[in-house]
Amino acid sequence: MSLSTKRIASCACGDLQVATTGEPEKVSSCSCTDCQRRTGSVFGVTSFFSADQVEFVSGAPRVFERGADSGNALSMNFCPKCGTTLYWTLKDFPGRIVIAVGCFADPEFPQPERHVWAKRKHHWVQFPDGCSLYDEAP
Ligand SMILES: [Zn+2]
Ligand SMILES: [Zn+2]
């Protein structure tokens, strides 16, 4: 992987797409109940990019604003046609765009270096060596 690695993240129907250049600053996974409900899966996997690494390719997202247990405020951008939440921004981390890792559909995407809200983790979920677990958001 190099600084020039390019990836496309897409919603399920393909209307909403963003492109990234370079590697994510951070890859994290989370078992909080908001991530479980956002994904419909038992945990969310998220990648943090600097805004200047992200290009908005297509689509007009709708925005769902919500608070987080940490006190942060999130603006969740989702496709109005298929409902996929593709990316979001956090009030406490201006200049960052968080993209749902599954939307890259890239099995070679870097693994999460940390898993947060492990106390809400489904009992059967296990993470690989090199992934730090935190009971809540650190
Ligand atoms: Zn869509
Ligand atoms: Zn979460």
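Fair warning: this is a prediction, and the values are worked out from it, not measured in the lab. (Residues numbered from 1 in each chain as written. Chains lettered and ligands numbered in written order. Predicted model: local features only at pLDDT ≥ 70, side-chain atom pairs only at ≥ 80, totals over all residues.)

(A) Layout of the overall build of the protein. When its secondary structure is counted, the protein shows one helix and eleven strands. Mapped in sequence order, the helices and strands of the protein form the string β-β-β-α-β-β-β-β-β-β-β-β. A compact globule built from 138 residues would reach a C-alpha radius of gyration of about 14 Å, and the protein, at 14 Å, matches this within 12%. Taken along the three principal axes of its C-alpha coordinates, the protein extends 40 × 35 × 25 Å. (Helix = DSSP H or I, 4+ residues; strand = E, 2+ residues; numbered from the N terminus. Rg over C-alpha atoms; globule rule 2.2 N^0.38 Å.)

(B) Local environment of the nonpolar core. One finds Leu86, Tyr87, Ile99, Ala100 and Cys103 to be the most contacted residues of the largest nonpolar core, which totals 17 residues. Those elements giving two or more residues to this core turn out to be strand E7 (73-78), strand E8 (85-90) and strand E9 (96-100). Residue contributions to this core peak at four residues, all from E9. Contacts of Ile99, omitting those with residues within four sequence positions, involve Ala9, Val18, Thr20, Ser47, Phe49, Leu86 and Tyr87. Cys32, Phe43, Val116 and Trp117 belong to the second-largest nonpolar core, a separate cluster that totals six residues. (Core = buried A, V, L, I, M, F, W, Y, C linked by C-beta atoms within 7 Å. Buried ≥ 20, exposed ≤ 12 C-beta atoms within 10 Å, placed from the backbone. Contact = placed C-beta atoms within 7 Å.)

(C) How the structure looks around the sheet that holds E9. Spatial ordering of the open sheet is given by E6-E7-E8-E9-E4-E3-E10-E11, a layout of eight strands whose pairing is mixed. With partners counted over all chains shown, the strands left at the sheet margins are strand E6 (62-67) and strand E11 (132-133), one partner each. As paired elements, E8 and E9 share two bridges and run antiparallel to each other. When the bridges of E9 are listed, Tyr87 appears paired with Ile99. (Pairing = 2+ DSSP bridges.)

(D) How the structure looks around the pairing of strand E5 (residues 54-58). The element E5 is largely exposed, with a buried count of zero among its five residues. The sheet contact formed by strand E2 (residues 17-21) and E5 spans four bridges and is antiparallel. The residue of E5 that forms the bridge with Thr20 is Val54.

(E) Representation of the sheet that holds strand E1 (residues 6-10) in the model. Across the sheet, which stays open at both edges, the three strands sit in the order E1-E2-E5 with antiparallel pairing between neighbours. Looking at strand neighbours, the two that pair on one side only are E1 and E5, the edges of this open sheet. Averaged over neighbouring strand pairs, the angle between their axes works out to 25° when direction is ignored. With five bridges joining them, E1 and E2 adopt antiparallel strand pairing. Counterpart to Arg7 in the pairing with E2 is Thr20. (Axes fitted to C-alpha atoms, helices over the stretch in contact; angles between N-to-C directions.)

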